[in-house]
Each structure stands twice: as structure tokens, then as C-alpha cells.
Amino acid sequence: MQPGTPPTVTPFLRTAAAYAWRILIVGVLVYSLFAVLGRFHEIGVALFLGLVITALLRPLADLVARGLPRPIAVALTLLGSIALVLGVLALVGEAVAGERSTLVREFRDGIGRIEDWLERPPFRLDPGALGGLQARIGEFLSSHRSTLISEAVSGAHHVVAVLTTLALALFSSVFFIHSGDRQWAWFKEQLPGSVRERVATGGRAAWRTFTGYTHGIVLVAAVNAVLVGIALWLLGVPLAVPLALLEFLAAFVPLIGSPVALAVAAVVALAAKGPVVAAIVIGLIVVIGQIEGHLLHPIVMSWAVRLHPLVVAVTVVAGTIAAGIVGAVVAVPLVSVIWSVHTALREDRTARKAEGEAAEPE
């Protein structure tokens, strides 16, 4: 290289640098977006729940609106759904209240059976160890009573936040169900004309994927809950209905939620019915996990969410690290929507390019 001659940059390095600064800008934008969402996460969660409610209830509202004015159809759909949810919760509360005395007796006897089991081979636990542990727990609760009470009182703030989030979710879902298409049309009109078609294409793909995922995960969760409820009822495990409801809610966290809920059921079975029934419940964890992973998810979810199981697992863990249980629930549909939008825009761009080449004169 002659003196004074500028250094030669290889094409590979030039291309890598061009991608690098673009990736940095995208990373800053994504970080800024998550920072804003973290600051106002209640609003983000409320809007997400509003979209979930819309995805579930809009088809029903459209059906009812064929015979009634749309505002009345939306009101009847939402009020009927709220009544159904409250009825299920009342059923669960009634089941717990009806089994309270039996539960107390079975759990007391079950703890005694567990102590005897742990004192025998192969564990050979010191008979005074569990008694000493119970005494230490009681002393801890007594000495930290004021701290626990203050924590419970401060938890009222979180209860108010949850209720506010639910109220905003219901409020937003009313407008989404009633006139969500008009709101989307208004949003597109505010954009430059050069990008409206691409935004429309991405929006259709995003909503199709989101509604498909929502319907699919609800169906998977319902099937899991029914299987768990029937199995626990046949085994005579107490709290079968509440545990089935826990399984339904936990199934919204793919791959992780269902085993955690069944582990809770196994602990209840161990305390109430002994290690044999608990071992059967643990076997259920494996069986239902296989049914969910190899039958329900491929059949129900494959047409809506095209993600590899490894991507789903990494996404759930990353969402949990970033935003706790809310992040675990939101992460998979968010990544699925982003991927579907990317795929739809890529296919649209390829189709336009093919049309342009076909239109060129030979």
C-alpha cells in the first residue's frame, strides 16, 4: 500500500459494518420500547388482556349481532362471559368450603403419614427433625408477625393495581369488539400512503396469528384441565375442581405451567392420600405432558404458531426473566406475531417482485 493511500476495506467488513449499525439502532429502539412498557406495564397488560378478550368473544358477538343491534350484542356477550367466569369461581369456592373439614382432617393425617414414611428406610429421618422444623416455623411466624402483617397490608396496593388493570382490559375490549375494525382503519389513514399496504398486510397476519394462538391455547388449557380434573376425581384427591382450574390457568405458560400445576396436585395428593396416589399423579405429569406436547400443540397450534419447541422454551424463559409470570404468558404470542408479520411481509415482497418481473416486456 502506497503512503497516503486510504486503507482498503474488504467487502465482508463493509457489509458487516452496515448491518452492525442498523442492528444497534434496532436494539436501541427495542430497548426503549421495553423500557416504556416496563414503566407503564399495567397499561400494556390491560391492552393485551383486552385483545385476548376480543379474540375470544368477537366471533360470538358477531353471531349475536346478526339478530340484535351491535351495542346490545356486545353488552350481552361481555355480561354473559363475566357471569360464566363468576359462576366457575363460585363453584370452586363452594367446592373448597364443602370439603374444608374433611381437608383439615386428611391433611393432618397425611402429614403424620409423611412423617412416618420419612422415618422409615431408605430416608431414616430423625423423628424429632420434622417436629423441630414445625416448631421453628411457628417461632418464625410469631417473631415476624408484624412484618408479615405489614407485607399483607402493602399487598393491598397490588390488589388495587390488578383490579384497575382488569377494569381497563374490560373497558378496552368493549371498544375493540364493537368497532375494532374502524379503529384499525383510522390508524392506517394516519400513516403515509407508501406504507399503508404493508401495514395492512402485517396487521392481517398479526391478528390472524394472535387469534389463532388465543383460541388454540384456550382449547389446550381446557382439555388439560378436564383430563386433570377427571383423573384427580377418580383418584379421590381433594380439591379436584380447584386444582383443575389451576391447571387451566397454568397451561397459558407453554411447556412450564402445566408441570408446575400438576406438581402442586402431587403435593396435595401426597398429603391427603399418601405416596402411592402421589406417584400416580406424578405419572400423570408425564402422560399429560406427552399428550400436550405431541398431540394437542401440533394439531391445535401448528396452523397458528409456527415456532420450533426450542424457540418456544427459550422465549418463555426469556419472558420470565424480563417480566416474571406476565412475561412468560405474553412472550410466545408476541414472538409468534412478530414472526408472522415478518413472514407475511417477506412473502408479499416476493410476490410483488415476481409480478414486476412478469410485467416487464421481453
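Parameters at a glance
Residues numbered from 1 in each chain as written. Predicted model: local features only at pLDDT ≥ 70, side-chain atom pairs only at ≥ 80, totals over all residues. Heavy atoms only, no water. Salt bridge = Lys/Arg side-chain N within 4 Å of Asp/Glu carboxyl O. Axes fitted to C-alpha atoms, helices over the stretch in contact; angles between N-to-C directions. Helix = DSSP H or I, 4+ residues; strand = E, 2+ residues; numbered from the N terminus. Parallel < 35°, antiparallel > 145°, perpendicular 65-115°, else oblique. Left-handed = near helix turned anticlockwise from the far one by under 90°. Contact = heavy atoms within 4.5 Å. Nonpolar A, V, L, I, M, F, W, Y, C, P; charged D, E, K, R; others polar.

Peer 1: Just checking my understanding: could you explain the pattern of salt bridges for this structure?
Peer 2: If the charged atoms of two oppositely charged side chains come close together, the side chains can form a pair. Taken as a whole and judged by the stated rule, the model has four salt bridges. The shortest N-O distance in the salt bridge between Arg70 and Asp62 comes to 2.7 Å. Taken together, the shared-partner salt bridges in this structure form one network comprising Arg58, Asp62, Arg70 and Asp181.

Peer 1: Where do I start with the packing of helix H7 (residues 193-235) against helix H8 (residues 240-250) in this structure?
Peer 2: When two helices pack together, you describe them by how their axes are tilted relative to each other and by the distance separating the axes. The geometry of H7 relative to H8 is characterised by a closest axis approach of 8 Å and an angle of 155 degrees between their N-to-C directions. Of the possible angle classes, the one that applies to H7 and H8 is roughly antiparallel. In terms of crossing hand, the pair formed by H7 and H8 is right-handed. Residues Val218, Ala221, Ala222, Asn224, Ala225, Val228, Gly229, Leu232 and Trp233 of H7 form the contact with H8, whose participating residues are Ala240, Leu243, Ala244, Glu247 and Phe248. Class assignment of the residues belonging to the contact of H7 with H8 gives a composition of 11 nonpolar, two polar and one charged.

Peer 1: Looking at this structure, how should I read unusual backbone geometry?
Peer 2: Located in the positive-phi region is Leu239, a residue other than glycine, with phi close to 60 degrees. Within the element layout of this structure, Leu239 appears in the loop between H7 and H8.

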